[in-house]
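Structure at a glance
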Amino acid sequence: MPQKLKLHKSSHYIELGSYQYWPVLVPRGIRLYTFEQIPLFLKENPYITDGYRAHLTSKLCLKSIFVLSNETVNIWTHLLGFLLFFLLGVNDMSTVLPASGANREDYVIYCIGLFCFQVCMLCSVGYHLFSCHRSEKTCHRWLALDYAGISVGILGCYIPGVFYAFYCNIFWRQVYLVIVLALILAIFSAQIHPHYHSKEWQHLRTVIFCSVAGYGVIPAVHWVWLNGGFSSAVVQLFLPRVIVMYLIAGAAFLFYISKIPERCFPGQLNYLGASHQVWHVLVVFMFYWWHQTAVYIMNFRHNQPCPPLYTNSG
Ligand SMILES: [Zn+2]
């Protein structure tokens, strides 16, 4: 019986293996396909013409992490991103926070922020690893998790941002935190809808994500106003960092939706230099930038206690 099974399996591989293999360390059963050869549900980007994995079992999806495909850079950028935020967490808890006299609240906020970034990275790794699964349903589940991960990443930006921006205004801090949590919860509810991940809803998905990311302008403007306008020292110190954050996010998003640069060089950026890879790197950089801003503003708040005017005002 095992003999028969083995024979069946190998014939299956031979059938699949009539195309090119990467010459090194390619697990049996993994081959690469061109855009024309992949199933319809994998056809997202016609400018990436080759290097697709497809029709794999879960085990082979996992093994494909070591195969050079058009997803390799996508997988590894966020795997390394996960490692970066994990190590930043270890460094924060052991060195940065004790050195700046952090209290229990600071620890909780930092843990939540970095945990959200790590969840976002891992969901993305999962999606790019298992998007070549033979079952369309499994692929869609991983895609849903990838989107959910982006929401969690956005939450990880908002929580420390709102917490330290409204450090001296407990009322507004609570208002904005509740609104952000409600927005993220609303996204999750929308994601349960069976049509949410369909191509027809692509525009709606974009609008929802832009709204949640763009919503941050409201607390930011309010924060500038509460702190005495553009001439105040704290605003001049931190507003440029918020603006840079939005510039990185905007650039990342433009690459994501425009499919530039591969649109200009179809088939030449299949493995390196495609828009989704740029988006991945910019997302890691954006989270890192925001984390450093949170460290900066926490130190500022510990050194400069809240002015009496704001302490108990709503
Ligand atoms: Zn991705």
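These numbers were taken from a predicted model, which means no experiment stands behind them.

**Points about the environment of Arg205**
Take Arg205: it is sitting in helix 7 (residues 202–214). Take Arg205: its relative accessible area is 7%, and that puts it in the buried class. As for Arg205 and Ile187, which are separated by 18 residues in sequence, their C-alpha atoms are 9.2 Å apart. Ignoring sequence-local partners within four residues, the contact set of Arg205 consists of Tyr147, Tyr196, His197 and Ser198.

**Points about the side chain of Asn74**
Here Asn74 shows up in helix 3 (residues 72–99). Owing to a relative accessible area of 5%, Asn74 belongs among the buried residues under this scheme. Residues contacting Asn74, with those up to four places away along its chain left out, are His128, His276, Gln277 and His280.

**Topic: the coordination of the zinc ion**
Of the protein atoms, only His128 (NE2), His276 (NE2) and His280 (NE2) coordinate the zinc ion, at distances of 2.1 Å. Overall, the relative accessible area of 2% leaves His128 in the buried class.

**A closer look at the UniProt feature "transmembrane region" (unreviewed entry) in the chain**
Per the UniProt record, the feature "transmembrane region" (unreviewed entry) sits at residues 65–87, 107–130, 142–167, 173–192, 204–226, 238–257 and 269–290. Measuring from the first to the last C-alpha atom of residues 173–192 gives 29 Å, for a span that is 100% helix and 0% strand.

**A word on the nonpolar core**
Residues Phe85, Tyr164, Trp223 and Phe287 are the most contacted members of the largest nonpolar core, which totals 59 residues. Among the elements of the structure, helix 3, helix 4 (104–130), helix 5 (136–165), helix 6 (170–192), helix 7, helix 8 (217–226), helix 9 (233–258) and helix 10 (275–303) are those that each provide at least two residues to this core. Per-element tally for this core: the top contributor is helix 5, with 13 residues. Those residues in contact with Trp223 that sit more than four places away from it in its chain are Ala165, Phe166, Val234, Val235, Phe238 and Leu239. Membership of the second largest hydrophobic core comes to 11 residues, among which are Leu56, Cys61, Val67 and Cys132.

**A word on unusual backbone geometry**
Note: most residues except glycine have negative phi, and most peptide bonds are trans. A cis geometry characterises the amide bond from Ile260 onward to Pro261, with omega recorded as 15°. Residue position: Pro261 is located in the loop between helix 9 and helix 10. Its identity as a non-glycine residue notwithstanding, His55 has a phi of 60°, on the positive side. Looking at the secondary structure, you find His55 in the loop between helix 1 (2–16) and helix 2 (58–63). One non-glycine residue with positive phi stands out, namely Lys259, at about 55°. Along the chain, Lys259 falls in the loop between helix 9 and helix 10.

The rules we used
- Residues numbered from 1 in each chain as written.
- Predicted model: local features only at pLDDT ≥ 70, side-chain atom pairs only at ≥ 80, totals over all residues.
- Heavy atoms only, no water.
- Helix = DSSP H or I, 4+ residues; strand = E, 2+ residues; numbered from the N terminus.
- Buried < 20%, exposed > 50% of the residue type's maximum accessible area, 1.4 Å probe, protein only.
- Contact = heavy atoms within 4.5 Å.
- Donors = N, O, S within 2.8 Å, 3.2 Å for Na, K, Ca; no water.
- UniProt positions renumbered as here; feature names shortened; annotations may be inferred.
- Core = buried A, V, L, I, M, F, W, Y, C linked by side-chain atoms within 4.5 Å.

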